[in-house]
Amino acid sequence: MEIHGIKSIKGEFKIPGDKSISHRSVILSSITGNNVAIENFLFCQDCIKTLDILNKLGVKIEKINGNLIVYGKGIKNLKEPEEILDVGNSGTTIRIMSGLLSATNFMSVLSGDKSINSRPMERIIKPLQEMGAKINGRENNTKAPLVIIGNPKLKGKKFELKVSSAQVKSCILMAALHAIGSTEIMQPQVSRDHTERMLQYFGADITYDGKYTKLNPGKKLSAGKIYIPGDISSAAFFIVATLVLKNSYTLMKDIGMNPIRSYFIEILRQMGGKIVIKNQRIINNEPVVDIEAFSSKLNSIEIGREKIPGIIDEIPILCVAAAKARGKTVIRDAGELRFKESDRIKSIVSQFKKLGVDIKEKEDGMIINGDVDFQADEGAVESFGDHRVAMSLSILALLSKGNVTVLDSDCINTSFPGFIYNLKKIMSQ
Ligand code: S3P
């Protein structure tokens, strides 16, 4: 994708549905006993993989006028898949589905692309095994492909997780729903709580409070309708583009503003970003808002510890804001970035450097010496097949003196199908 520098952006952007909530909506609907209508589902590559897998497990899902109807059939009526279940590039699919499949009464195999099959899976294999699951993985139970022989008699357990991860927590919760006895999960920091919120909306007996979640199994899950709000992690790209460009203003309506996911807005505001939140309401147990962003003079910031799991997906785009901010931005305690779709510390540091950003790699993060007059150099940069790296580089390229080529940009469809359309709209303004 070829991108040229622009002066400003203005207007309203349509942000597609939230990826995390989309995955959860179809998985949880499948195990209800009724039909669930899902509005504004995100038809990105990752979520399509989840739909394909549910299909192979015998769940009927219809698409009518862009919306979905999931014919929930309960876990007991899922059928043994005849093929390997392919998760593609999707960490959320493999981790959440592993929890569910562990509690079935049949065998299944989960595998993905090169990136997925090299990402850490011990973090889900171990806790599931402790609940009695028969799950094994490559390289001494640390990597996918995963082989699961379902066990409908899992046991609830108390977990103290070392790494805060919503995917791991959600995986355990999917198994806990069908286990004997309650399950408790403690995490060192808060992580996104979409599974807890949706489970509560579906009638599960669940309590959660930041770092602590408790689920008592046995409740019948049901829901009639779910609306998926816009993905704040996708909105993040256009919010930062607006802040760093002069004379710019953008509006994004119906965005999910889950308190944990919106730490990122708090950080940008601390940096001096002018962001206005309007029209706050709650839909299906999730806060939804409209967001306005304005050109801003940004200052550097230090980010670490508590906030990291909440902003983990936004760190690449926060690095663009930091490049245009006055002073030294330090991001630490973010070693988890190395286990995403690519090693995001390496990907961001190496490619931002190519475009002239003063950025240094640290074991657990990065240091950026920002400049309010920063203009990106011309050149070609690599995405490493990582959608958030590709989109962050594209926004950085809007600050360029000339043209920037982002190689391997197709991966953007992993999470944000309309991104390139929106970008072209901006460049032709
Ligand atoms: C996600 C959780 C996060 C995030 C990912 C989506 C989810 O991963 O990075 O993009 O939907 O639960 P971790 O749980 O590994 O932090």
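Chains are numbered independently. Their residues run from 1 in the order of the written sequence. Two thresholds apply to this predicted model, a pLDDT of at least 70 for residue-level local features and 80 or more for giving and counting side-chain atom pairs, whereas whole-chain, interface and lining totals are computed over all residues. Side-chain numbers here rest on the full set of heavy atoms in the structure, without hydrogens or water.

Further remarks concern the overall build of the protein. Across its full length, the protein carries 14 helices and 23 strands. In terms of overall size, the protein behaves like a compact globule, its C-alpha atoms giving a radius of gyration of 21 Å where 429 residues would be expected to give roughly 22 Å. Overall size of the protein, expressed as C-alpha extent along the three principal axes, is 60 × 45 × 35 Å. Remark: exposure states derive from per-residue accessible area (1.4 Å probe, protein chains only) relative to the maximum for the residue type, with buried under 20%, exposed over 50%, and partly exposed in between. Burial statistics for the protein: of 429 residues in total, 60% are counted as buried. Computed by Shrake-Rupley with a 1.4 Å probe, the accessible areas treat only the displayed protein chains as cover when residues are assessed. Just so you have it, the protein exposes about 16,300 Å², and 49% of that area is on carbon and sulfur atoms. When charges are counted, Lys and Arg are positive and Asp and Glu negative, with His and the chain ends excluded. In this description, the location of a charge corresponds to atom NZ of lysine, CZ of arginine, CG of aspartate or CD of glutamate. Averaging the coordinates of the 59 positive side-chain charges in the protein and doing the same for the 47 negative ones gives two points 2 Å apart. Segments assigned H or I by DSSP are reported as helices when at least four residues long, segments assigned E as strands when at least two residues long, and all are numbered from the N terminus. In this description the radius of gyration comes from C-alpha coordinates, and the expected globular size is given by 2.2 Å times residues to the power 0.38.

Further remarks concern helix 4 (residues 122-130). Buried residues of helix 4: Ile124, Ile125, Pro127 and Leu128, and no others. Where the residues of helix 4 are buried, they touch helix 3 (91-102), strand 8 (134-137), helix 5 (138-141), strand 9 (143-149), strand 10 (158-160) and helix 6 (166-176). We call two residues in contact when some of their heavy atoms are within 4.5 Å.

Attention now goes to helix 7 (residues 194-201). Extensive coverage of helix 7 is indicated by the burial of 6 of its 8 residues. Of the residues making up helix 7, those classed as buried are His194, Thr195, Glu196, Arg197, Met198 and Leu199. On its buried face, helix 7 is in contact with helix 1 (19-30), helix 6, strand 12 (205-209), strand 13 (212-216), strand 14 (225-227) and strand 17 (286-294).

By way of backbone hydrogen bonds, the strands of a sheet pair with one another, either parallel or antiparallel. Two strands pair under a simple rule: DSSP has to find at least two bridges between them. The 4 strands are arranged 4-5-3-14 in an open sheet whose pairing can be described as mixed. The sheet is open, and its two edges are formed by strand 4 (60-64) and strand 14, each paired on a single side. Looking at each pair of strands side by side, their axes are set apart by 20 degrees on average, direction ignored. Here 5 bridges tie strand 4 to strand 5 (residues 67-71), and the two strands are oriented antiparallel to one another. Paired with isoleucine 61 across the two strands is valine 70, which belongs to strand 5. Fitting a line to C-alpha atoms yields each axis, with helices limited to the stretch in contact; the angle taken between N-to-C directions then spans 0 to 180 degrees.

This brings us to the side chain of histidine 23. Mapped onto the secondary structure, histidine 23 falls in helix 1. Once residues within four sequence positions are removed from consideration, histidine 23 is found in contact with Asp46, Cys47, Thr50, Ser90, Thr92 and Thr93.

Okay, the pattern of salt bridges next. Criterion for a salt bridge: a side-chain nitrogen of Lys or Arg within 4 Å of a carboxyl oxygen of Asp or Glu. By the definition in use, this model includes 30 salt bridges. Note that lysine 253 and glutamate 12 form a salt bridge whose closest N and O atoms lie 4.0 Å from each other. Taken as a pair, lysine 253 in strand 15 (residues 249-256) and glutamate 12 in strand 2 (residues 10-13) lie far apart in primary sequence, 241 residues in all. Look at lysine 253 and you get partly exposed, because its relative accessible area is 39%. Residue classification places glutamate 12 among the partly exposed positions, given a relative accessible area of 42%. A salt bridge links lysine 56 to glutamate 83; the nearest nitrogen and oxygen atoms lie 3.7 Å apart.

Where the residue is not glycine, phi is negative for most of them; where a peptide bond is considered, it is trans in most cases. Cis rather than trans, the peptide bond between alanine 144 and proline 145 has omega equal to 5 degrees. Considering the arrangement of structural elements, one finds proline 145 in strand 9. A positive phi angle, close to 45 degrees, is found at arginine 305, a residue other than glycine. Taking the relative accessible area as the measure of exposure, arginine 305 reaches 57% and is therefore exposed. Unlike most non-glycine residues, phenylalanine 384 shows phi in positive territory, near 55 degrees. Structurally, phenylalanine 384 is set in the loop between strand 22 (379-382) and helix 13 (387-397). You can call phenylalanine 384 partly exposed: its relative accessible area is 41%.

This part takes up the packing of aromatic side chains. The description of two aromatic rings rests on the distance between their centres and on the angle between their planes. We call Phe, Tyr and Trp rings a pair once their centres come within 6.5 Å, taking the six-membered ring for Trp, and we label the pair stacked below 30 degrees between planes, edge-to-face above 60, and tilted otherwise. Inspection of every chain in the model, using the stated rule, returns 8 aromatic pairs. With a centroid separation of 6.1 Å and an interplanar angle of 65 degrees, the aromatic rings of tyrosine 201 and phenylalanine 202 are classed as edge-to-face. On the basis of relative accessibility, which here comes to 32%, the residue tyrosine 201 falls in the partly exposed class. Residue class for phenylalanine 202 comes out buried when judged on its relative accessible area of 1%. Taking 5.5 Å as the distance between ring centres and 65 degrees as the angle between the ring planes, the aromatic pair formed by phenylalanine 416 and phenylalanine 419 counts as edge-to-face. Across the pair, exposure class does not vary: phenylalanine 416 and phenylalanine 419 are buried alike. Put simply, the rings of Phe13, Phe237, Phe238, Phe416 and Phe419 pair up and form one aromatic cluster. It is lysine 60 that lies over the ring of tyrosine 71; its NZ or CZ is 4.3 Å from the centre. Lying over the aromatic face of phenylalanine 43, lysine 63 brings its terminal NZ or CZ to 4.0 Å of the ring centre. A ring has a charge above it when a Lys NZ or an Arg CZ is no more than 6 Å from the ring centre and no more than 35 degrees off the ring normal.

Right, let's get into the pairing of strand 3 (residues 35-39). Side chains Val36 and Ile38 project from strand 3 onto a buried face, and the interleaved Asn35, Ala37 and Glu39 project onto a face without burial. Two elements, strand 3 and strand 5, share 4 bridges in a ladder whose sense is antiparallel. In the sheet register, valine 36 faces strand 5, and the bridge partner there is valine 70. Relative to strand 14, strand 3 runs parallel, the two being bridged by 3 bridges. Opposite glutamate 39, over in strand 14, you have tyrosine 227 as the bridge partner.

Honestly, that's just the spatial picture; any functional story needs more than this.
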